[in-house]
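# Coordinates in review
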Amino acid sequence: MFHTEILEVNMGPQHPATHGVLRVILGLDGETVVQCKPVIGYLHRGVEKLAEHKLYVMIPPLCDRLDYVGSASQNLGYIQAVEKLCGIQVPERGQYIRVILAELNRISSHLVWLGTHGLDIGAMTVFFYTFREREMILDLFEAFCGARLTTNMFRIGGTLEDFPPGWIEGTRRFVDLLPSRIKEYEGLLSTNRIWLERTKGVGVISAEDATNWGLTGPPLRGSGVNYDVRKAMPYAAYDRFEFEVPLGTHGDTYDRYLIRMEEMRQSARIIRQALDGLPGGDFRGKVPKKIKPPIAEIYHVIEGPRGEQGFYIKSDGTEKPYRMRFKSPSFVNLQALPALSNGALVADIVAIIGTLDIVLGDADR
Amino acid sequence: MDSRLLIENVVIPAIKVAVVLGVMSGAVAYTTLLERKVLGFIQLRLAPRRVGFHGILQPIADGIKLLLKEDIIPDQADRVLFILAPVISIIPAFAALAVIPFAGRSFSVMGYEITPWITDVNIGILYILSISSLGVYGIMLGGWASNSKYPLLGSLRSAAQMVSYEVPLGLAIIGPLLLAGTASMTGIVRAQETQGMWFFFPQIVALFCYFISGVAETNRIPFDLPEAEAELVAGYFTEYSGMKFAFFYLAEYTNMIVVSSIATTLFFGGWLRPFPNVQALSFLNFLDFINPALSGVFWFAFKVFMFLYLYIWIRGTFPRYRYDQLMNLGWKWLLPLSLANVVVTAFILALRHG
């Protein structure tokens, strides 16, 4: 007469805590998750195919719209891939400006992550605090290029513009302010008993598993694997700066939280160094009017806020790419969701989705 | 029946009920505004300020908006229970107000003696406990009648949570009851007056247990698991809209006020001003010259307000517990702690009175 059934619940595609249009099919035994199956594709826009019908210079705005939270990194990755393909040199000043903007973007992306991750776990106030600082970064972006979210700040051969007057001082003010603000977030969370209980030991993944799942970015480093593209295969001007790659030990949600917090500090450190050593000269190099790469293919990776961001371009010698593929960290990190949610409760699922820091536009492309 | 008896036993209680209902509805509505304002202050934003001066008419605008909203009942829902559930959850919340003494001294109007509480029964606190535990029915039925998975999960959580925290809540109340030697709400306050101290001092452990359980009973952060918007969308009232949703919402805020009122009465001397036995501080009853009942009401309201502020402050600070952690806290910490408090209190009292 009595029997139990697995309750199948659709978390998403419309759900406040799935960070976009992600659908997770949950099999619940009471509060315990026995089955977890992420379903993606609700935001698929066919960007890779669209790009094959556009000139090389017209593609960056499309890249921006993939990972709209870390658009500068997307943009940078694509443009560097094209530059590599065509053998275009970027002047030193351009490289520095790129690093500064990309790192600012990393901070703003991590701020969005922290705020929404806090909301997932029920800490409302952090969200408003982080968005206050993010606003300052967006203001800087706006001052630089006029746009705030999908910035499209880089050009093949350099950047869109040089820094406008007052911009450097504003950025300095921001990076000087940031550490104290990070302390403020940590005051709300790092020692908060409930926060610790909700994040420690939740969504644990070992270094070996993390590597096997192909995780990148903070989720990989949270398990203690020392891999950061900025250090491993330096691009732009990253080999000129001193910074540390924070590593975790337990591979749980709390470690990933600590890593992103430290990454923000390190990003501020990089920006400070770049501003101090900002070379003079051109911000954009000599670039042919028509971008026409030779027949070749290229795969270029950068370290986005979410992890390793790959750009594959196959050129057939025309003005448009023959094939275009992106490797997105959101996609590969999301794969590990079922593995991470082993034996978790419903509330852990939202914490785990939050800690992977996915952007569905990036996962679906 | 002669007319004086009729007025004393029917008309005056009816007026008092009407006044309490009216004032409390207003207080509840403005608690929502208070919440938004205080949260706005904590979270560095403005909070409502469009409707009226600094948004003071916002609750009224909210009410009108909710009234005019489309009232949706899901196709497969149990219609009767679906409609009944919000009512079931709001009635016990208001009913609990019947025995709460808002002030100490009665006053007379046109020769009739009027006490500033609806009724004073000698089992007052037990009445509140029994009535307020009915509120869970509304949540349960609401979640069940929606015929939807998220509300069902929310209501199941809620049932378990309410049952778990009702126990330490009840035990925490016993401490002050033992000290006062009565279960009458006014009697407890009077005992604090005669013993010359608020029960908050000797019963700090009980207060701690009571308040945490109270926050859990009212489903507030960090214990708002039945709603848990991050996990369960909105929990048990996911499918509710318009006025029915508002009823659940008002029930939550009414419960907050009730819990705060009980805490005030049991631990903070109800209507008494601070240090009621220190003559030098009697200027604190500055409203006495209008009506002696008024200063009681003032202090009562002030203390309730402090508790409400604490509620909101907690909401602005803490993340949300996970379900199993919530159960752990209730059963493994609060229950033994409140039980120990009862034993220790009783032991000390027995020693003292031989």
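In case you missed it, the structure is sitting above this.
Anyway, here's the lowdown on the structure attached to this text.

So, how was this worked out
Residues numbered from 1 in each chain as written. Chains lettered and ligands numbered in written order. Predicted model: local features only at pLDDT ≥ 70, side-chain atom pairs only at ≥ 80, totals over all residues. Heavy atoms only, no water. Helix = DSSP H or I, 4+ residues; strand = E, 2+ residues; numbered from the N terminus. Rg over C-alpha atoms; globule rule 2.2 N^0.38 Å. Buried < 20%, exposed > 50% of the residue type's maximum accessible area, 1.4 Å probe, protein only. Contact = heavy atoms within 4.5 Å. Salt bridge = Lys/Arg side-chain N within 4 Å of Asp/Glu carboxyl O. Pairing = 2+ DSSP bridges. Axes fitted to C-alpha atoms, helices over the stretch in contact; angles between N-to-C directions. Disulfide = S-S within 2.5 Å. Phe/Tyr/Trp six-rings, centres within 6.5 Å; stacked < 30°, edge-to-face > 60°. Lys NZ or Arg CZ within 6 Å of the ring centre and 35° of its normal.

## What to know about the overall build of chain B
Within chain B one finds 12 helices and 2 strands. For chain B, the sequential pattern of α-helices and β-strands runs α-α-α-β-β-α-α-α-α-α-α-α-α-α. Taking 354 residues into account, the globule formula puts the C-alpha radius of gyration at 20 Å, and chain B, at 21 Å, falls close to it. For chain B, the C-alpha atoms occupy an extent of roughly 60 × 50 × 50 Å along the three principal directions. Looking at chain B residue by residue over its 354 residues, the buried ones come to 53%. Across chain B, contacts joining residues at least 24 apart in sequence account for 77% of those joining residues at least 6 apart.

## With respect to the pattern of salt bridges
Opposite charge on two side chains allows them to pair when their charged atoms are near. All names here are of chain A. What the rule picks out here adds up to 42 salt bridges over all chains. For Glu197, the salt bridge is made with Arg193, and the minimal N-O distance between the two is 2.8 Å. Placement of both Glu197 and Arg193 in helix α7 (residues 193-199) is noted, with a separation of 4 residues, approximately one turn of the helix. Across the pair Arg265 and Glu262 runs a salt bridge whose closest N-O atoms are separated by 3.2 Å. Here Arg265 and its partner Glu262 are both found in helix α11 (residues 253-276), 3 residues apart, which amounts to about one turn of the helix. When salt bridges that share partners are traced, they join Glu103, Arg106, Arg221, Asp228, Arg230, Glu263 and Glu303 into one network.

## As for the sheet that holds strand β7 (residues 307-315) of chain A
All names here are of chain A. In space, the 3 strands of this open sheet follow the order β6-β7-β8, with antiparallel pairing throughout. Here the strands that pair on one side only, and so sit at the sheet edges, are β6 (296-304) and β8 (321-327). Along the sheet, successive strands turn relative to each other by an average axial angle of 15°, direction set aside. For β6 and β7, the ladder comprises 9 bridges, and the chain directions are antiparallel. In the sheet register, Val301 faces β7, and the bridge partner there is Gly310. In this fold helix α3 (residues 71-86) packs onto β6, β7 and β8, with an angle of close to 150° to the strand it touches most, β6.

## Concerning the state of the cysteines
Residues and elements named next belong to chain A. The full count for this structure, using the stated rule, is 0 disulfides over all chains. In this structure Cys63 is not part of a disulfide, and its nearest cysteine sulfur, from Cys86, lies 14 Å away. By relative accessible area, Cys63 is classed as buried at 0%. The structure places no disulfide on Cys145, whose sulfur is separated from the nearest cysteine sulfur, that of Cys63, by 15 Å.

## With respect to the pairing of β8 of chain A
Residue and element names in this part refer to chain A. With 6 bridges joining them, β7 and β8 adopt antiparallel strand pairing. Each bridged residue has a counterpart across the sheet, and for Gly310 the counterpart in β8 is Lys327. Counted between consecutive antiparallel strands, the loop separating β7 from β8 contains 5 residues, among which Gly317 sits at a positive phi close to 85°.

## Overview of the environment of Thr355 of chain A
Residue and element names in this part refer to chain A. Among the structural elements, Thr355 can be located in helix α14 (residues 346-356). Among the residues examined, Thr355 registers a relative accessible area of 0% and is labelled buried. In this structure Thr355 touches Trp113, His117, Pro219, Thr253, Arg256 and Arg260, once residues within four positions along its chain are discounted.

## Concerning helix α4 (residues 124-132) of chain B
The set of residues buried in α4 of chain B consists of Gly124, Ile125, Ile128, Leu129 and Ile131 of chain B. Check the buried side of α4 of chain B and you find it contacts α3 (79-95), α5 (135-145), α6 (149-180), α7 (185-194) and α10 (242-267) of chain B.

## Some details on the packing of aromatic side chains
Under the defined criterion, the tally for this structure stands at 33 aromatic pairs over all chains. In this structure an aromatic cluster arises from ring pairing among Phe82, Tyr236, Phe237, Tyr240, Phe245, Phe248, Tyr249 and Tyr253 of chain B. The side chain of Arg260 of chain A reaches across the aromatic face of Trp113 of chain A, ending 4.7 Å from its centre.

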